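Each chain, letter by letter, is given below.
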Amino acid sequence: MAQMVNERSIKIENLWFAYKSEEYVLKGISLTIDERPTAIVGQNGAGKTTFVKLLKALLKPTKGDIWIFGQNTKDTTAAKLAKTVGLVFQNPSDQIFKSKVLDEVMFGPLNVFKDKHKAYENSLRALEIVGLSDKKEEHPYDLTLSERKLLCLASVLAMEPEVIILDEPTIAQDRYSTKLISEIIQQLVSLRKFVITITHDMDFVLENFSRTIVFTDGVVISDGETEKVLSDDRALEKAHLEVPWLIKLARRIGVNYDEIKNLRV
Ligand code: ADP
């Protein structure tokens, strides 16, 4: 089906994907992703990372279609999509390959903008946003794992993509860095960027993402407003996930979640 070019949405139509023939890890997914910050949750092996690699055109659908702002991912490449979709991998070693922090951040924007000055300015700003300005001359492997993950986030931010996808951003992060990541997400959302995350951290989901999609075994078993989805014990149990502590607390003390939702520790 033809899509309007520049339409600000991601459309997934009857998406099937197999790494090996006939062994499908995604089985007929259809959904539309819009500006609402969206969390993708589910147990290990459910197909979440495969799904976001397909959104970034690192993989192509075996069957079905994905339209990113009107562009079919079958007709493009991850590099050509760089201005539209940025993917921050779960494991920094899948992303980092330069020997200096600043060079690592500048690599993407240099390719995207073909403008050294803009690439440099964007990279400095991105490093400032993630709190790594004072490490710009260091070797990425002299950074902690937490810092390397923030470096990967900076590399994506420096390209100014419309869609930012984060794969398990809070793993290996302490509370301070998790809070920083939440603030960056909220800032991106206020700039009308699409923010999509994969995570196992249900409290992080509740705090930052208004829509939650639950994957189990290559299919979507629940999709909707986060508070509703994360209050559905049956869906969460099926996906091996925990009800967030604030929702548990509300139940325990017998109040509506709305009454205590601004409570943070
Ligand atoms: P999740 O992110 O939900 O943990 P993945 O998308 O990583 O799930 O994996 C879904 C399934 O695809 C798993 O069974 C996994 O073993 C398999 N898989 C992932 N990557 C590959 C690959 N490169 N080659 C073959 N199978 C893979």
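Bear in mind that the values here come from a model prediction, so they are computed numbers and not experimental data.

**With respect to the nonpolar core**
For soluble globular proteins, the rule of thumb is that nonpolar side chains tend to be buried together.
Phase 1: Core analysis: the largest hydrophobic core is formed by 47 residues, its most contacted members being Leu127, Val130, Leu151 and Leu230.
Phase 2: The element that contributes the greatest number of residues to this core is helix α4 (residues 145-157), accounting for 7 residues.
Phase 3: Residue contacts for Leu151: discarding those within four places in its chain leaves Ile96, Val101, Glu104, Val105, Leu127, Leu132, Pro140 and Leu143.
Phase 4: Core analysis: the next-biggest nonpolar cluster, separate from the first, contains 29 residues, Leu31, Ala57, Ile68 and Val163 among them.

**Here we look at the sheet that holds strand β9 (residues 211-216)**
Phase 1: Strand order in this open sheet of 6 strands is β6-β7-β8-β3-β9-β10, and the pairing throughout is mixed. Edge positions in the open sheet fall to β6 (85-88) and β10 (219-225), since each of these has one partner strand only. This sheet shows a mean twist of 15° between the axes of neighbouring strands, independent of strand direction.
Phase 2: In this structure, β9 lies alongside β10, joined through 6 bridges in antiparallel fashion. Bridge pairing in β10 links Val214 to Ser222.
Phase 3: Against the sheet, α4 contacts β6 and β7 (163-167), and its axis sits at roughly 175° relative to β6.

**Observations regarding the environment of Ala39**
Phase 1: The topology assignment puts Ala39 in strand β3 (residues 38-41).
Phase 2: Overall, the relative accessible area of 0% leaves Ala39 in the buried class.
Phase 3: For the pair Ala39 and Pro244, spaced 205 residues apart in sequence, the C-alpha separation works out to 14 Å.
Phase 4: When residues no more than four places from it in sequence are discounted, the contact partners of Ala39 are Thr197, Val205, Phe209, Arg211, Thr212 and Ile213.

**Let's talk about the site of the ligand**
Phase 1: In the vicinity of the ligand, the contacting residues are Tyr19, Val25, Gln43, Asn44, Gly45, Ala46, Gly47, Lys48, Thr49 and Thr50.
Phase 2: Within the backbone of Gly47, one N or O atom sits 3.0 Å away from an oxygen atom of the ligand.
Phase 3: At a separation of 2.5 Å, an oxygen atom of the ligand approaches a polar side-chain atom of Thr50.
Phase 4: Isolated, the ligand exposes 560 Å² of accessible area, and the fraction of that covered by the protein chains is 57%.

**Brief notes about the sheet that holds strand β5 (residues 71-72)**
Two pairing modes exist for strands in a sheet, parallel and antiparallel, and in both the strands are linked by backbone hydrogen bonds.
Phase 1: Spatially, 4 strands are ordered β2-β1-β4-β5 in an open sheet, and the strand pairing comes out antiparallel. Strands with a single pairing partner mark the edges of an open sheet, and in this sheet they are β2 (23-33) and β5.
Phase 2: Pairing of strand β1 (residues 10-20) with strand β4 (residues 63-68) involves 5 bridges; the strand directions are antiparallel. Considered in β4, the bridge of Glu13 is made with Asp65.

**Examining the confidence of the model for the protein**
Detailed reading of the predicted model is not advised wherever pLDDT is low.
Phase 1: When pLDDT is averaged along the protein, the result is 94; 97% of the residues meet or exceed 70.
Phase 2: As a predicted assembly, this complex carries a pTM of 0.94 together with an ipTM value of 0.99.

Criteria and thresholds
Residues numbered from 1 in each chain as written. Predicted model: local features only at pLDDT ≥ 70, side-chain atom pairs only at ≥ 80, totals over all residues. Heavy atoms only, no water. Core = buried A, V, L, I, M, F, W, Y, C linked by side-chain atoms within 4.5 Å. Buried < 20%, exposed > 50% of the residue type's maximum accessible area, 1.4 Å probe, protein only. Helix = DSSP H or I, 4+ residues; strand = E, 2+ residues; numbered from the N terminus. Contact = heavy atoms within 4.5 Å. Pairing = 2+ DSSP bridges. Axes fitted to C-alpha atoms, helices over the stretch in contact; angles between N-to-C directions. Near = heavy atom within 4 Å. Polar contact = N/O pair within 3.5 Å; in protein donor to acceptor, adjacent residues only side chain to side chain. Areas by Shrake-Rupley, 256 points an atom, 1.4 Å probe, with all protein chains shown as cover. pLDDT = per-residue confidence, 0-100.

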